[in-house]
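Breakdown of the fold
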Amino acid sequence: MRTNSPHRTPGWRRVGTAAAVTAALALAGLGTAVHADATTSSKVTWTATPCATPKKAGELACDSLRVTGGTTAFQKAQQARGVTPKAATPTGYGPTDLRSAYGLTAAAASGGTGATVAVVDAYDDPNAEADLATYRSHYGLPACTTANGCFKKVSQTGSTTSLPSSDAGWSEEISLDLDMVSAIAPNAHILLVEATSPTMANLGKSVNEAVALGAKYVSNSYGGSESSSDTSYDSSYFNHPGVAITVSAGDSGYGAEYPAASKYVTSVGGTALSTASNSRGWTETVWKTSSTEGTGSGCSTYDAKPSWQTDTGCTKRMISDVSAVADPATGVSVYDSYGITAGWYTFGGTSAAAPIIAGVYALAGTPGSSDYPAQYPYRHTSALNDVTSGNNGTCSTSYFCTARSGYDGPTGWGTPEGVSAFTS
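Residues numbered from 1 in each chain as written. Predicted model: local features only at pLDDT ≥ 70, side-chain atom pairs only at ≥ 80, totals over all residues. Heavy atoms only, no water.

**Examining the overall build of the protein**
Helix and strand counts for the protein stand at 10 helices and 21 strands. Based on the C-alpha atoms only, the size of the protein along its principal axes is roughly 55 × 50 × 45 Å. Relative to its full complement of 424 residues, the protein shows a buried share of 60%. A fraction of 74% describes how many contacts in the protein between residues 6 or more apart in sequence connect residues 24 or more apart. Just so you have it, the protein exposes about 14600 Å², and 50% of that area is on carbon and sulfur atoms. In the protein, 25 positive and 32 negative side-chain charges are present, and the distance between their average locations comes to 3 Å. (Helix = DSSP H or I, 4+ residues; strand = E, 2+ residues; numbered from the N terminus. Buried < 20%, exposed > 50% of the residue type's maximum accessible area, 1.4 Å probe, protein only. Contact = heavy atoms within 4.5 Å. Areas by Shrake-Rupley, 256 points an atom, 1.4 Å probe, with all protein chains shown as cover. Lys, Arg positive; Asp, Glu negative; His and termini not counted. Charge placed at Lys NZ, Arg CZ, Asp CG, Glu CD.)

This is the structure in structure tokens:
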């Protein structure tokens, strides 16, 4: 039976005399992570969302973390411009920031029309449509509702009325996913498929249902430890030629997870994203908070290496393929109201990265009917921002956990620089 990833405890960084207490709380699963920042005395703190700790054996974990305090990268950028943030307003990067960072401003203005991006999560978020409307309205994005045909919420069987039970933790994850797709591909339709529970069987059936309902782009922000059953899950749930399926690489630092290890998906690692005075205007490093928190990566134990992946240190499937922002300290803005106080939050984790990349695929156009779009970035490596610094842990083969020029495990070939790397 599949179990959740073994390292779900929030990481921490020693700060002052409270270090021992913080460490003890974190080990007990009660603390929040602290990101030390040399440029500010206000440390960013965060906690794993409840769905990052599965309730039962055999359940998978979501890959998201919610900021609980401190000054985020977005807020610091505002301060540098002399902008005083207003109360009850976003504290993380919004659509304009993300499109600027990833060269998507022009593509987002016209791309994605007619495309359907599916988001697969567990349980029901009763406020999903209303929260999505708040996010899109605030940022001036076109309305995406059931009434205008842009938004649709279904169960894993395709029912619009017989939905799973609600869950506050997974609702936070759902809000993050829906908002990131909206930020990147505002003209696309969004299909939310809610699994009965976060088991591989139910989430996998939800992926199949998303494809059956016409989605050519399917985002998955969850994972668990690998198992010998993974190759059968590959054929049952993820072998969908002509569909771009993105999966979070995990938030537990170095180590392979499934379904990111599936040879049929685009595995998405995570970065820390900050503004810079270079020509791009942004800079990225591997996201790592501690030895047990940061982007996942690694060489799969079970999944075969796809023909288009040619790194020589791993004889099986290597994680990741590409990457996007995931560090909570440089996190993204999300509106959520179910199970927590309604309002704006900043989220991180590779749960942010996977829907961002799904949105980029949607902007890039419909995949070839017999293609596995995970191979597209390998054909256009020069059309990505190469992330060359940082690591997510310790490994015997350097590039499995350490960024370098060209391909590496934590960031793959890099982050989007427009849409060229995501086309055939």
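**As for the state of the cysteines**
Applying the stated rule across the entire model yields 4 disulfides. A disulfide bridge connects C144 with C150, and the sulfur atoms are separated by 2.0 Å. Taking the sign of the S-S torsion, about -85° here, the bridge from C144 to C150 comes out left-handed. Under the relative-accessibility criterion, C150 is labelled buried at 8%. The disulfide partner of C299 is C314, and the gap between their sulfur atoms is 2.1 Å. Taking the sign of the S-S torsion, about 80° here, the bridge from C299 to C314 comes out right-handed. Note that C299 is positioned in strand β15 (residues 298-304) and C314 in the loop between β15 and β16 (316-319), a separation of 15 residues in sequence. For C299, a relative accessible area of 24% gives the class partly exposed. Here the cysteine-cysteine linkages of the protein are recorded as 1-2, 3-4, 5-6, 7-8, numbering only bonded cysteines and doing so in sequence order. (Disulfide = S-S within 2.5 Å.)

**Some thoughts on the packing of aromatic side chains**
Evaluated as defined, the whole model comprises 17 aromatic pairs. With 6.1 Å between their ring centres and 40° between their planes, Y233 and Y258 make a pair best called tilted. Residue Y233 is located in helix α8 (residues 230-238), and its partner Y258 is located in the loop between β10 (244-248) and β11 (266-275); the two are separated by 25 residues in the primary sequence. Y258 matches Y233 in its accessibility class, with the two residues each being buried. Pairing Y361 with F422 gives two aromatic rings, centres 5.1 Å apart and planes at 85°, and the pair type is edge-to-face. Taken together, the residues span a long stretch of sequence, with Y361 in helix α9 (residues 350-364) and F422 in the segment after β21 (415-416) at a distance of 61 residues. Judged by its relative accessible area of 1%, F422 falls in the buried class. Three or more aromatic residues joined by ring pairs form one cluster here, namely W308, Y378, Y399, F400, Y407 and W413. Taking NZ or CZ as reference, K55 lies 5.8 Å from the ring centre of Y123, over its face. (Phe/Tyr/Trp six-rings, centres within 6.5 Å; stacked < 30°, edge-to-face > 60°. Lys NZ or Arg CZ within 6 Å of the ring centre and 35° of its normal.)

**Considering the pairing of strand β2 (residues 44-48)**
With 5 of 5 residues buried, β2 is to be regarded as a mostly interior element. The two faces of β2 match: V44, W46 and A48 on one face and T45 and T47 on the other face are all buried. Pairing of β2 with strand β4 (residues 65-69), which is carried by 4 bridges, proceeds in the antiparallel orientation. Directly across from T45, in β4, lies its bridge partner G69. (Pairing = 2+ DSSP bridges.)

**What about the pairing of strand β19 (residues 343-348)?**
Of all the 6 residues making up β19, 6 are buried; the element is thus mostly covered by neighbouring parts of the structure. Alignment of β4 against β19, held across 2 bridges, turns out to be antiparallel. Within the sheet, the bridge partner assigned to R66 lies in β19 and is F347. Bridge analysis of strand β18 (residues 332-336) against β19 gives 5 bridges, and the strand direction is antiparallel. The partner of Y335 across the bridge, within β19, is W344. In this antiparallel pair of consecutive strands, β18 and β19, the connection spans 6 residues, and G339 shows a positive phi of 90°.

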